[in-house]
Amino acid sequence: MSKRPSTSGHGKPQKRARNAEDDGAVEDGSDAEDPLPSKQVVRDAGIVESITLKNFMCHSHLGPFTFGSNVNFVVGNNGSGKSAILTALIVALGGNAQATNRGSSLKGFVKEGESSADLSITLRNKGKDSYKPEVYGDAIIVDLKITREGLRTYKLKSKSGQIVSNKKEELLSILDSFNIQVNNPVSILTQEMSKYFLHSKGEGDKYKFFMKATQLDQMREDFVYIKTTKSVIEDKIEQLNECVKDLKHKFSEKEDRYKSLASLDEMHTKKEELTRQMAWAQIIEMEKELEPMKAKLKTDRSSTEKYDEKVDEWKNKVEEAEKKKRQSQEQLDGITQQLSELQSTCSELKAKVQEQNAIFKSSEVMVHRCRANLRDLDKDKAQLSSRINDLNLSISQTSGTEQQARVERMEQIQAELEQLGHQISTLGQQADQYERACSRAKEEQDKLKKENDLVMRAIDANQRNLQMLESSRSNRLRRFGEHVPALLNAIEEAHRKGQFKRKPRGPLGYLISLKVPELALAVEVCLKALLQAFTCDNHEDERALKGIMSRVFPGGNRPQIITSPFLPSCHDTRKRAVDHPPHQSVLQVLEIDDPVVANCLIDMRGIESILLFMNRTEARRVIQGPNPPRNCSCAFSKEGDQIFTNRNYTAEQNRARFLSGDVEEEIRHQQCENENLRAKANRFQQQIRKMDEDIKQNQVLLRRADAEKKTTKNKITKLQLELTDLKNVEEPQSEDLKPLEEDLQEIIAKIASKTAEYEERRAQMAELKAQYERAEQEYRQHKERINAAAEEADVKKEELSKTDQEVMKGKHHKKHYEDKRSVHLGNIKTQEANLVSKEQELKASLAKAIELCPERLEVGRSAKSLDSEMVRLDIKINAQVEQQGDREEVTRLYHEALESYKNMAHQIKDLRNFVKSLNKVMNQRQQVYTDMRRFLSARCKYYFDNTLAQRGYSGNMLFDHKNETLTISVQPGQGNTADLSDMRSLSGGERSFSTVCFVLSLWAITEAPFRCLDEFDVFMDMVNRRISMDMMLKVAASQRYRQFIFLTPQSMSSLPETRLIRILRLKDPDRGGEEREEEVVV
């Protein structure tokens, strides 16, 4: 640290108070120095050359202020910026905000409305005490930026303005080199500190002020810290003493083991020999292992052709099966078209048969009626003939009147019988009509019941679908069946138990989603049962899945299971996929995250070659046009229609069941459809009930007609009996025979006429029957042709299904062998890699073996036996090591224990020497501290008495270092020393003057490159102010190596004329503009 000595009147150098060894103190004032030495030296390092402020406190811009090297007065009214200059000096040189007594935080120094404040201070850096002159030059510029958040940023620049550092540590080094103490009140005495000291009534505060000014308090704190450190070291020594005892004990144990070690060289030598043999034995075994690996690799390479042949074989079978499938499909299409034509003709023939049957039945009724009439006429003829004969026999026995009465009665009975015959015939026709009406009604009722049963089953199915849809609100799986969630849980449980090699996937429809929701029906019709299917990786997993399904699906109606090896990536379908923009294939409209699901749908349905269209017209135009898209097997429209190049099929369903996205819409549609079906069922039930009523009414009418017919026949029987009795009783007259004979002739004529009519109608009925039988025969033959065509269609369908299964089986086997070939090729690659790895391992082991034993050893023992012997040898070595310890370990532990013991003992010795030296130095320093405190106290008294005497005052300073108090007594004017009084009894001006004297005395015993006083004369009268000013100027003149900065609101017009005094006059404050100083050199 730099020192600037000053010579006193006795020629003794005055040193800094903070270095106790270098400070020349005068004890009890007996050897006091002259405060006004005759020769002075101008200081070159550490003084303030200029200050510039921007946006600091309430000032937009202050400065630059250029200060002289000795005395500087900063003059201005209140608010002109004097205190801002002093505050900036403290803050810029590292002081905290509390030290300025102007704020509690740095952010309070930023002008209101501004984001930051900038401070710049230039320190002189000349002479032998300069700080890094080769870096900074003749001046050091300290720039400080304070942000609104209170952050402080330094820039330390050279005289040329180049930034040297931005670290506060560099600033502290500069301040320490120049001995600048911004927090020392003797160096910078602010207005608030001056007021506090002036008004302070505590003797302890004055003592603290003295200790802080002379830096004795820092020395005392250092002593306290050193004593605390010494106590810690002594405690550490005690702890180390305990540790060294343990270390010595451990060292003794390790030393005993080290000395008692026996030789293990023989066993280690044998182990090394076994290690060399082991290395070459492993080489021999590895060479033997390579031979079968090479042979197997050669065999597998030769068997690759078999897999190629199998793949080609099944490829040809697939092509043949697909060709056969196409032929079967074409034949089935022809049969289907023929069947459609036959069915339309069959309807016509059926109508014709029904018409012929009705005509035949009507003719048959007329024939039966004619036959009945003939029978009735024959009976009448027989009765008349018998009556005539009876009359001829009894003609003599009856009178004319009775005969006439009997004849009239007989005629009346005959008329009634004829009328009743017509009535019976009419009742018979009515009964036939009622019976046919009942039959037709029952047939119609049966049809209605069948249709009603179909509707009710549809209602039940829709109700189940509705329940599944409602349950799928929370679980979409229920769309695929009510048992599917339980099935998936069972699959998951079985997979956790390890029953599956690869976890099955399904249902497939649950694992896919649509990019275009409008095509849901088309995709669902395309995939059909595959949506509910599951897929397995192998047949063992398939059998396990079937077992689970048999438990979960008690009815036996389980989903389809597809077995195909799971691949990690999706098939490459670019060569066989259809590409016809803007229309997409089924594969393109599906989002499938799992490649296993995608591969399954590609293999089973070929979804990459099926196009989807938004309307059937466009689909037919594209697919059935002259140039259908390449690789397109078929297409589906949005309505679900399937379109081939030569035919179309209409979908059986009109709504998507599994893939529809809007569940609520499906539920509403299902509910609406259920309502329609229920309404239709209600109509059917109403019609069935009406049919029941009609049947019952016709049956009642039929029974009534039968009863009437029976009653009429009874009447006829009674009349016939009565007629017979009359014929038997009567004796008709000869004249009565003529009418009977005429009736007989008439009946004979009617019989002849009816007989001719009967024959004609019977011939007509035979012709109609023949026509009916021919029509019916033609209808039956046509029906047989339809049945034959249907059976042929069924056969073709079964054949097509078998062919389709053959295609699927062929594809499956082809894919199986392709996968096996891929696995086989992968195994070959794996074997090649293993062979290369084994060869590399052999090479590495051979290198290690050569390193252990350069010459190849032909070892007759196996590596396993050598390893067993080495293990046994290790057991022996370990047993001996356990008893005595490993040689290297024991040696290492011995040396470590020895080293630890020596280090610990040496450390304790060093610490004890250090404590001893520290005690010695502390005793010396404590004595020096006490002497220095006494000397500084004496010098302070001496200078205080001298400064008071210049005004004619007398005073006394009493230091009580034990109680840390300082008592100052002052007597204005010349008087008795006994009349000294405390400073509290003085007037304001006298107290201020006494304070200045105390400060000047502290200046005399301390050292700093510059000193600052803020409004030191605020409470002085003119006389005290003049005397104080003269005293300070005299001190400043005697200490030209120091810089003095005084801040005062006085004009200082009465200053003496000298070139060492510089006055900076501040203008009155202008808050909106800049404030600059007016420099006056006196």
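Look a little higher up for the structure.
All of the points below concern the structure found in this document.

Cut-offs used in this document
- Residues numbered from 1 in each chain as written.
- Predicted model: local features only at pLDDT ≥ 70, side-chain atom pairs only at ≥ 80, totals over all residues.
- Heavy atoms only, no water.
- Helix = DSSP H or I, 4+ residues; strand = E, 2+ residues; numbered from the N terminus.
- Buried < 20%, exposed > 50% of the residue type's maximum accessible area, 1.4 Å probe, protein only.
- Contact = heavy atoms within 4.5 Å.
- Areas by Shrake-Rupley, 256 points an atom, 1.4 Å probe, with all protein chains shown as cover.
- Pairing = 2+ DSSP bridges.
- Axes fitted to C-alpha atoms, helices over the stretch in contact; angles between N-to-C directions.
- Core = buried A, V, L, I, M, F, W, Y, C linked by side-chain atoms within 4.5 Å.
- Patch = residues over 30% accessible without salt bridge, like charges linked within 9 Å, V, L, I, M, F, W, Y side chains within 5 Å.
- Salt bridge = Lys/Arg side-chain N within 4 Å of Asp/Glu carboxyl O.
- Lys, Arg positive; Asp, Glu negative; His and termini not counted.
- Charge placed at Lys NZ, Arg CZ, Asp CG, Glu CD.
- Phe/Tyr/Trp six-rings, centres within 6.5 Å; stacked < 30°, edge-to-face > 60°.
- Lys NZ or Arg CZ within 6 Å of the ring centre and 35° of its normal.
- Arc of directions from axis to C-beta.
- Polar contact = N/O pair within 3.5 Å; in protein donor to acceptor, adjacent residues only side chain to side chain.
- Disulfide = S-S within 2.5 Å.

Notes on the overall build of the protein
A tally of helices and strands in the protein yields 22 helices and 25 strands. Counting every position in the protein, which comprises 1082 residues, the buried fraction comes to 42%. Partitioning the intrachain contacts of the protein with sequence separation of at least 6 by distance along the chain shows that 76% fall at a separation of at least 24. On the protein, roughly 59000 Å² of surface is accessible, and the fraction owed to carbon and sulfur atoms is 48%.

Quick notes on the sheet that holds strand β4 (residues 59–66)
Either a parallel or an antiparallel arrangement is found when strands of a sheet pair, and the pairing is made through backbone hydrogen bonds. One open sheet holds the six strands; their spatial order is β4-β3-β6-β7-β8-β9, and the pairing between them is antiparallel. Edge positions in the sheet fall to β4 and β9 (163–165), since each of these pairs with one other strand and no more. The average undirected angle you get between the axes of adjacent strands in this sheet is 25°. Sheet topology note: the strand β3 (residues 45–56)/strand β6 (residues 116–125) ladder contains seven bridges and is antiparallel. Looking at β6, one finds that Leu 53 is bridged to Leu 119. Sitting on the sheet, helix α1 (residues 82–92) touches β3, β4, β6, β7 (139–147) and β8 (152–157), and the angle it makes with β3 is about 110°. Helix α4 (residues 168–178) contacts β3, β6, β7, β8 and β9 of the sheet and is inclined by roughly 60° relative to β8.

Some words on the nonpolar core
Buried together is how nonpolar side chains tend to be arranged in soluble globular proteins. Core analysis: the biggest nonpolar cluster contains 52 residues, and Phe 73, Phe 210, Phe 998, Leu 1002 and Trp 1003 have the highest contact counts within it. Every residue in contact with Trp 1003, bar those within four places of it in the chain, is listed here: Val 186, Arg 1011, Leu 1013, Val 1035, Gln 1039, Arg 1042, Phe 1044 and Phe 1046. Residues Val 484, Leu 488, Ala 522 and Leu 590 belong to the second largest nonpolar core, which totals 49 residues.

Let's talk about a positive patch on the surface
A cluster of basic side chains, namely Lys 350, Lys 447, Lys 450 and Lys 783, defines a positive patch on the protein surface. Positionally, Lys 450 belongs in helix α10 (residues 400–471).

Observations concerning the pattern of salt bridges
If you walk through the whole model with that rule in mind, you get 23 salt bridges. For Glu 49, the salt bridge goes to Arg 124, with nearest N and O atoms at 3.2 Å. Placement of the pair is Glu 49 in strand β3 and Arg 124 in strand β6, with a sequence separation of 75 residues. Residue Arg 124 is classed as buried on the basis of its relative accessible area, which comes to 16%. Here Asp 143 ties to Lys 157 by a salt bridge, and the two come within 2.9 Å at their closest N and O atoms. Taken as a pair, Asp 143 in strand β7 and Lys 157 in strand β8 lie far apart in primary sequence, 14 residues in all. For the pair Asp 143 and Lys 157, one class covers both residues: buried. What emerges from the salt-bridge pattern is a single network uniting Lys 310, Glu 313 and Lys 317.

Considerations on the packing of aromatic side chains
Under the criterion given, the structure shown has eleven aromatic pairs. A ring pair is formed by Trp 1003 and Phe 1046, whose centres lie 6.3 Å apart and whose planes are at 40°; its orientation type is tilted. Residue Trp 1003 is located in helix α21 (residues 988–1005), and its partner Phe 1046 is located in strand β23 (residues 1043–1048); the two are separated by 43 residues in the primary sequence. The class of Trp 1003 is buried, set by a relative accessible area of 0%. Residue class for Phe 1046 comes out buried when judged on its relative accessible area of 0%. Three or more aromatic residues joined by ring pairs make a cluster, and in this case those are Phe 73, Trp 1003, Phe 1044 and Phe 1046. We note Lys 317 situated over the ring of Trp 314; from NZ or CZ to the ring centre the distance is 4.2 Å. The lysine or arginine in question, Arg 647, covers the ring of Phe 644, its NZ or CZ lying 3.9 Å from the ring centre.

A closer look at the sheet that holds strand β16 (residues 634–637)
Pairing is mixed across the open sheet formed by four strands, whose spatial order is β15-β16-β17-β18. The sheet is open, and its two borders are formed by β15 (610–613) and β18 (648–649), each paired with just one other strand. Both strand β17 (residues 642–643) and β18 contribute to a ladder of two bridges, which runs antiparallel. Considered in β18, the bridge of Ile 643 is made with Asn 648. Each of β15 and β16 touches helix α12 (residues 520–527); the most contacted strand, β16, lies at about 140° to it.

What to know about the pairing of β23
β23 sits mainly inside the fold: six of its six residues count as buried. Taking every second residue as pointing to the same face, both faces of β23 are buried, with Gln 1043, Ile 1045 and Leu 1047 on one and Phe 1044, Phe 1046 and Thr 1048 on the other. Examined bridge by bridge, strand β5 (residues 71–75) and β23 share five bridges and lie parallel to one another. Residue pairing for β23: Phe 73 is matched across the bridge by Phe 1046. Note: strand β22 (residues 1010–1014) against β23, five bridges, orientation parallel. Following the sheet pairing, Arg 1011 is matched in β23 by Phe 1044.

Brief notes about a negative patch on the surface
A contiguous patch of negative charge, built from Glu 234, Asp 235, Glu 238, Glu 242 and Asp 246, is present on the exposed surface. Locating Glu 234 in the fold gives a position in helix α7 (residues 216–259). Residue Glu 234 is classed as partly exposed on the basis of its relative accessible area of 34%.

Notes on unusual backbone geometry
Cis rather than trans, the peptide bond between Gly 506 and Pro 507 has omega equal to -10°. Note that the residue after Pro 581, namely Pro 582, is joined by a cis bond; omega there is 0°. Here the phi dihedral of Lys 132 falls at roughly 45°; this positive angle occurs in a residue that is not glycine. With respect to the helices, strands and loops of the structure, Lys 132 is situated in the loop between β6 and α3 (133–136).

Remarks on the pairing of β6
β6 sits mainly inside the fold: eight of its ten residues count as buried. Relative to β7, β6 runs antiparallel, the two being bridged by nine bridges. The residue of β7 that forms the bridge with Ile 121 is Val 142.

Things to note about helix α16 (residues 616–623)
Those residues of α16 not exposed but buried are Ala 619, Val 622 and Ile 623. One side of α16 holds all its buried residues, which, seen down the axis, span an arc of 85°. Opposite the buried face of α16, at more than 90 degrees from it, the exposed residues are Thr 617 and Arg 621. Buried-residue contacts for α16 involve β15, β16 and β17. The distance from a side-chain oxygen at the start of α16 to the backbone nitrogen of Thr 617 is 3.3 Å, and the residue carrying that oxygen is Asn 615.

Regarding the state of the cysteines
Following the criterion strictly, the structure yields zero disulfides and no others. Between Cys 526, a cysteine without a disulfide, and Cys 634, which holds the nearest cysteine sulfur, the sulfur-to-sulfur distance is 6.2 Å. Residue classification places Cys 526 among the buried positions, given a relative accessible area of 1%.

What to know about the environment of Pro 485
Relative to the assigned elements, Pro 485 resides in helix α11 (residues 484–496). For Pro 485, a relative accessible area of 10% corresponds to the buried category. As a C-alpha pair, Pro 485 and Val 552 span 67 residues in sequence and 9.9 Å in three-dimensional space.

A closer look at the environment of Gln 162
For Gln 162, the position within the fold is in the loop between β8 and β9. Take Gln 162: its relative accessible area is 56%, and that puts it in the exposed class. With 21 residues separating them in the primary sequence, Gln 162 and Ile 141 have C-alpha atoms 9.5 Å apart. Residues within four places of Gln 162 in sequence aside, it is in contact with Leu 156 and Lys 157.

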